[in-house]
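Each chain, written out:
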Amino acid sequence: MDTSSAIQEPFDLIRLSLSERVFVKLRGDRELSGILHAYDGHMNLILSDVEETILIVDQADGAGEGQPTVNMAKRKMDMLFVRGDGVILVSPPSR
Amino acid sequence: MDESTPPPPPAELSPPPVPSTVPSGSPTDFLKGVVGKRVVVRLTSGVDYRGVLSCLDGYMNIALEQTEEHVNGVVTNRYGDAFIRGNNVLYISAAEAI
C-alpha cells in the first residue's frame, strides 16, 4: 500500500502510526519501542508496553584509539510519557 | 610539448558565468525542489540519514522514506519511514540532481 500519497506533512507519518508499535530514538543514546497512543506538536508521546534500550559506551582511554565497549541495558515500562524535546527520530513499523 | 598551442586568453575581470546546474533561489526554493529526491540529512550529533525526502514542515521536521542511518560512514539502521524532529537537523543535502 502506498502511504506516501497520504503524507503531506511530517506529522502525518506519526498520525498514521497511532495504535502501532513505533521505534523512537532519544537523546542520550536511548531507544524506545512501544505502542503509540498519543502525540502532540512538541512530539510529546504517550507510549504503552515500552521497552527502553540504553546504550552505555565505555570509551577506552584515548579517543578513537581502541574499541569502545558498548553495554546495553534494557527495561520495560507499562505506560510512558516522553517529553518531546528528547526525541530525535520516530519510525513507524515497516509495512 | 604543447608549444604549438596558443596561450590562454587573458583573464576576464567579469565573474565567471554560473553553471546552469547550480540551483538559484531562496533556501525555501531549495527545500521545495528537493522534496521527493534523495537527500542526506545530517544531525548535530553527526549522524547522517540518507533517504527520499517525503516532506518537511516549518520546524524542519522531516519525513524520510527508505532511510539508512549512517554513523561514521557505516550503515547502522534502516527504516522504511522515519520522522526526524527538526531541532536535531544540521543540514539537508541533495544527493541527486534537483
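Cut-offs used in this document
Residues numbered from 1 in each chain as written. Chains lettered and ligands numbered in written order. Predicted model: local features only at pLDDT ≥ 70, side-chain atom pairs only at ≥ 80, totals over all residues. Heavy atoms only, no water. Helix = DSSP H or I, 4+ residues; strand = E, 2+ residues; numbered from the N terminus. Contact = heavy atoms within 4.5 Å. Areas by Shrake-Rupley, 256 points an atom, 1.4 Å probe, with all protein chains shown as cover. UniProt positions renumbered as here; feature names shortened; annotations may be inferred. Buried < 20%, exposed > 50% of the residue type's maximum accessible area, 1.4 Å probe, protein only. Pairing = 2+ DSSP bridges. Core = buried A, V, L, I, M, F, W, Y, C linked by side-chain atoms within 4.5 Å. Salt bridge = Lys/Arg side-chain N within 4 Å of Asp/Glu carboxyl O. Buried area = accessible area lost by both parts, 1.4 Å probe. Polar contact = N/O pair within 3.5 Å; in protein donor to acceptor, adjacent residues only side chain to side chain. Nonpolar A, V, L, I, M, F, W, Y, C, P; charged D, E, K, R; others polar. Phe/Tyr/Trp six-rings, centres within 6.5 Å; stacked < 30°, edge-to-face > 60°.

1. Overview of the overall build of chain B
- What chain B contains, in helices and strands, is one helix and five strands.
- Taking the contacts inside chain B whose residues are at least 6 apart along the sequence as the reference set, 40% of them involve residues at least 24 apart.
- Summed over its atoms, the accessible surface of chain B is roughly 6300 Å², and 57% of this surface lies on carbon and sulfur atoms.

2. Things to note about the UniProt feature "domain: Sm" (unreviewed entry) in chain B
- Here, the residues flagged by UniProt with the feature "domain: Sm" (unreviewed entry) are residues 26-98 of chain B.
- For residues 26-98 of chain B, the helix share is 11%, the strand share is 58%, and the end-to-end C-alpha distance is 14 Å.

3. A word on the pairing of strand β5 (residues 87-91) of chain A
- In terms of burial, β5 of chain A is a largely internal element, five of the five residues being buried.
- Here strand β1 (residues 21-26) of chain A pairs with β5 of chain A via four bridges, running antiparallel. Within the sheet, the bridge partner assigned to L26 of chain A lies in β5 of chain A and is V87 of chain A.
- The pairing of β5 of chain A with strand β4 (residues 74-84) of chain B spans two bridges and is classified as antiparallel. Note that in β4 of chain B the partner of L89 of chain A across the bridge is I84 of chain B.

4. As for the nonpolar core
- By size, the foremost hydrophobic cluster in this structure holds 21 residues, and its most contacted members are V24, L45, L47 and V90 of chain A.
- Excluding residues that lie within four positions of it along the chain, L45 of chain A makes contacts with V24, L36, A38, Y39, L80, F81, V82, V87 and V90 of chain A.
- Core analysis: the second largest hydrophobic core is formed by 18 residues, V39, L53, I62 and L64 of chain B among them.

5. Observations regarding the pattern of salt bridges
All names here are of chain A.
- Inspection of every chain in the model, using the stated rule, returns ten salt bridges over all chains.
- Here K76 makes a salt bridge to E51, at a shortest N to O gap of 3.8 Å. You can see K76 sitting in strand β4 (residues 69-82) and its partner E51 sitting in strand β3 (residues 45-58), a full 25 residues away along the chain.
- Judged by relative accessible area, which is 26%, E51 ranks as partly exposed.

6. Looking at the interface of chain B and chain A
- Facing the 19 residues of chain B at the interface are 22 residues of chain A.
- Roughly 1700 Å² is buried in total at the junction of chain B and chain A, and carbon and sulfur atoms are behind 60% of that figure.
- Where chain B packs against chain A, one counts one salt bridge.
- For K25 of chain A, the salt bridge is made with E69 of chain B, and the minimal N-O distance between the two is 3.6 Å.
- One can count seven residue pairs in polar contact (both at pLDDT 80 or more) joining chain B with chain A.
- Residues of the side of chain B that touches chain A, tallied by class, amount to ten nonpolar, four polar and five charged.

7. Let's talk about the environment of E51 of chain A
- Taking the C-alpha atoms as reference, E51 of chain A lies 5.3 Å from S33 of chain A; in sequence the two are 18 residues apart.
- Not counting chain neighbours up to four residues away, the residues in contact with E51 of chain A comprise E31, L32, S33, K74, R75 and K76 of chain A.

8. Here's the deal with the packing of aromatic side chains
- Under the counting rule described, the total for this entry stands at three aromatic pairs over all chains.
- A ring pair is formed by F11 of chain A and F83 of chain B, whose centres lie 5.3 Å apart and whose planes are at 45°; its orientation type is tilted. Taken together, the residues span two chains, with F11 of chain A in helix α1 (residues 10-15) and F83 of chain B in strand β4.
- Residue classification places F11 of chain A among the buried positions, given a relative accessible area of 12%.
- Its relative accessible area of 0% is what places F83 of chain B among the buried residues.
- Through a chain of ring-to-ring contacts, three or more aromatic side chains come together here, namely F11 and Y39 of chain A together with F83 of chain B.

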